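# Breakdown of the fold
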Amino acid sequence: MSIRINLDVMMAKRRIGVGELAERIGITPANLSILKNERAKAVRFTTLDAICRELDCQPGDILEWVDDGDRQ
Amino acid sequence: MQRYMNRWVLDVLKGIVVLIWIGCLWGQAVVVPTLSQAVGDLFYPQNQAAMRWPYLIAGELFLLCVEIAFGAVWRLLTLSGSGRVFTAKALTCVNWVIGCAAAATALTLLVLVVFLISGWNDPVIETMDYYAVAFMLGVVLIAEIGFDLLMTVMRGLLRAATDQSDELEQVI
């Protein structure tokens, strides 16, 4: 899969940890870790909305498509 | 899961399952031996001792199938109440119900065949509505086959719901 998640970069910029961010956006720390480590298969728009609101950023700051040549 | 399942409905159902179990035990202890004896006496005066055995064994086994099936139903009711019904455990319970229903259908078929063959040339049975009894057994058999197929459809629905539930679990 070639969607890169740059969540840790944004979290470092805003100086907020996994536990606190998870509580603010309303998901479990485990699920946030799954998302951060690029192991998530699907994300709700409501979750993305909450992340962008809490980190004061755009979806493009968190999500990035990379062409890694993995054509199917 | 709480908004889909009514606690009261599940509890009443479990109470009914207990009543069914009691009924089956009583059937196995009292009703089946008495009825099979009566069938033997009534239909086969010449060779009564032998002819009650197929009905006795089939009747006892049939009620055993019902008891096991309702054990699986009890488990399903518990799982439904706790919201763990979209799991492999629930599918196993449904498989048990279908297996017991299939066995019960086979027993009914056996009884029907035994009755058809053994009553064909029996003069007593000829006067005792041979075709009526055969017809009733046939109707019961068709109803059982219908139940088996219906349970198979329900099993398909449970599998679909379980797969969809698993997929939705993965959405962050």
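Residues numbered from 1 in each chain as written. Chains lettered and ligands numbered in written order. Predicted model: local features only at pLDDT ≥ 70, side-chain atom pairs only at ≥ 80, totals over all residues. Heavy atoms only, no water.

## Let's talk about the UniProt feature "domain: HTH cro/C1-type" (unreviewed entry) in chain A
On the UniProt side, "domain: HTH cro/C1-type" (unreviewed entry) is annotated at positions that read residues 20–62 of chain A here. Taken end to end, residues 20–62 of chain A is 67% helix and 0% strand, and its two terminal C-alpha atoms sit 18 Å from one another. (UniProt positions renumbered as here; feature names shortened; annotations may be inferred. Helix = DSSP H or I, 4+ residues; strand = E, 2+ residues; numbered from the N terminus.)

## Observations regarding the interface of chain A and chain B
Between chain A and chain B, the residue contacts involve nine residues of the former and four residues of the latter. On the chain A side of the contact with chain B, Lys41(A), Ala42(A) and Arg44(A) bury the most area, a combined 64% of that side's loss. Connecting chain A to chain B are five residue pairs in polar contact (both at pLDDT 80 or more). The residue makeup of the side of chain A that touches chain B, split by class, is five nonpolar, two polar and two charged. (Contact = heavy atoms within 4.5 Å. Buried area = accessible area lost by both parts, 1.4 Å probe. Polar contact = N/O pair within 3.5 Å; in protein donor to acceptor, adjacent residues only side chain to side chain. Nonpolar A, V, L, I, M, F, W, Y, C, P; charged D, E, K, R; others polar.)

## A look at the packing of aromatic side chains
All names here are of chain B. Enumeration over the complete set of coordinates arrives at three aromatic pairs over all chains. An angle of 20° between the planes, with centres 5.5 Å apart, marks the rings of Phe 115 and Tyr 130 as stacked. Taken as a pair, Phe 115 in helix α3 (residues 88–119) and Tyr 130 in helix α5 (residues 130–169) lie far apart in primary sequence, 15 residues in all. Judged by its relative accessible area of 2%, Phe 115 falls in the buried class. With a relative accessible area of 4%, Tyr 130 lands in the buried category. Plain terms: the ring middles of Tyr 130 and Tyr 131 are 5.2 Å apart, the flat faces sit at 80° to each other, and that makes the pair edge-to-face. In this structure Tyr 131 comes out as exposed when scored by relative accessible area, which is 58%. (Phe/Tyr/Trp six-rings, centres within 6.5 Å; stacked < 30°, edge-to-face > 60°. Buried < 20%, exposed > 50% of the residue type's maximum accessible area, 1.4 Å probe, protein only.)

## Here we look at helix α4 (residues 45–55) of chain A
Taken residue by residue, α4(A) has Thr47(A), Leu48(A), Ala50(A), Ile51(A), Cys52(A) and Leu55(A) as its buried positions. Asp56(A) lies just past α4(A) and shows a positive phi near 50°.

## What about the confidence of the model for chain B?
Confidence in the prediction of chain B, expressed as mean pLDDT, is 90, and 90% of residues score 70 or more. For this predicted complex, the interface confidence score (ipTM) comes to 0.82, while the overall pTM stands at 0.83. (pLDDT = per-residue confidence, 0-100.)

## Side note on the side chain of Thr105(B)
Relative to the elements of secondary structure, Thr105(B) occurs in helix α3. At 2.7 Å, the side chain of Thr105(B) and the side chain of Asp148(B) are in polar contact.

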